[in-house]
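A closer look at the structure
Residue strings, one per chain:
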Amino acid sequence: MRTSTEPTDRADASGMRLLPWTGAGGKPCYVVGDGTGYVSRMADDVEDIQLDMANELLGHAADLLADDASTGSQVRFVANRLNESLRQIVRVAESRGARLELLAPVNGAPDG
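Thresholds, definitions, all that
For every chain, the first residue of the written sequence is number 1, and numbering continues from 1 along that sequence. Given that the model is predicted, a residue must reach a pLDDT of at least 70 before its local features are reported, and side-chain atom pairs must reach 80 or more before they are shown or counted; all residues, however, enter totals for whole chains, interfaces and linings. Based on all heavy atoms of the structure, the side-chain values leave hydrogens and waters out of the count. Here a helix means four or more residues in a row that DSSP labels H or I, a strand means two or more in a row labelled E, and each is numbered from the N terminus. Whether a residue is buried, partly exposed or exposed follows from its accessible area with a 1.4 Å probe, protein chains only, as a fraction of its type maximum: under 20%, in between, or over 50%, in that order. Any two residues whose heavy atoms approach within 4.5 Å are treated as being in contact. Confidence scores labelled pLDDT are given residue by residue by the predictor and lie between 0 and 100. The span you would expect from a helix comes to 1.5 Å times its residue count less one. To define a nonpolar core, start from buried Ala, Val, Leu, Ile, Met, Phe, Trp, Tyr and Cys residues and group those joined through side-chain atoms within 4.5 Å. Think of it this way: DSSP has to see at least two bridges between two strands before they count as a pair.

1. Let's talk about the overall build of the chain
Within the chain, the secondary structure is distributed over 3 helices and 3 strands. For the chain, the sequential pattern of α-helices and β-strands runs β-α-β-β-α-α. Out of the 112 residues belonging to the chain, those deemed buried represent 25%. Taking as baseline every contact in the chain between residues at least 6 positions apart, the subset at least 24 positions apart corresponds to 55%.

2. Digging into the confidence of the model for the chain
Mean pLDDT over the chain stands at 86; residues scoring 70 or higher make up 81%. Across the chain, element-level confidence peaks in helix α2 (residues 38–66) with a mean pLDDT of 97 and bottoms out in helix α1 (residues 10–13) with 40. With pLDDT under 50 throughout, residues 6–13 is counted as low confidence; its partners more than four residues away or in other chains account for 8 contacts.

3. Here we look at helix α3 (residues 72–103)
Residues that lie three or four places apart on an α-helix share one face, since the helix turns once every 3.6 residues. Here α3 contains 32 residues, and its C-alpha end-to-end distance of 46 Å stays within 8% of the 46 Å for a straight helix at 1.5 Å per residue. Within the span of α3, buried status applies to Val-78, Ser-85, Arg-91, Val-92 and Ser-95. Residues of α3 that are buried sit in contact with β2 (16–22), β3 (28–32) and α2.

4. Some thoughts on the nonpolar core
Among the nonpolar cores identified, the biggest contains 5 residues, and these are Leu-19, Cys-29, Val-31, Val-39 and Ala-43. Looking at this core, the elements that each hand over two or more residues are β3 and α2. For Ala-43, the contacting residues outside a window of four places in its chain are Arg-17, Leu-19, Pro-20 and Trp-21.

5. So, the side chain of Ser-85
For Ser-85, the position within the fold is in helix α3. We classify Ser-85 as buried; its relative accessible area is 10%. Filtering out sequence-adjacent residues up to four positions away, Ser-85 remains in contact with Ala-54 and Leu-57.

6. Let's talk about α2
Across its 29 residues, α2 extends 42 Å between first and last C-alpha, which sits within 8% of the 42 Å expected from 1.5 Å per residue. Taken together, the buried positions of α2 are occupied by Val-39, Ser-40, Ala-43, Glu-47, Gln-50, Ala-54, Leu-57, Ala-61 and Leu-64.

7. Topic: the side chain of Ser-40
Its location among the elements puts Ser-40 in helix α2. For Ser-40, the residues in contact, after removing those within four places along its chain, are Arg-17, Val-31 and Gly-35.

8. Here's the deal with the pairing of β3
Across the 5 residues that make up β3, a large majority, 4, are buried. Summarising the sheet, β2 and β3 pair through 4 bridges and their orientation is antiparallel. In the sheet register, Met-16 faces β3, and the bridge partner there is Val-32. The loop that links β2 with its antiparallel partner β3 comprises 5 residues; one of these, Gly-25, has a positive phi angle of about 70 degrees.

Here's what the structure looks like:
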């Protein structure tokens, strides 16, 4: 298994997983493997944490928006955190979607 910041060739691209963190300069990081290695398990844990944190943040945002005493600074702060969280969740969705595509049957192949 290796980690990389860029796909090296088309053959590797099909077995590559987008990781929930970036490399130097914000470049995407990938891991190549069967999904059972240490880096893949760590990525699963990080994704779970990101999803849980996003859910909690939604609750905080709802509370803040429901409070008429909330200040503009507070709303901007939570909006920035929501922006960061949404970027993370989109990354998780892209990674998981790419892995689901690998499991989908090839056109013309029977479903089961």
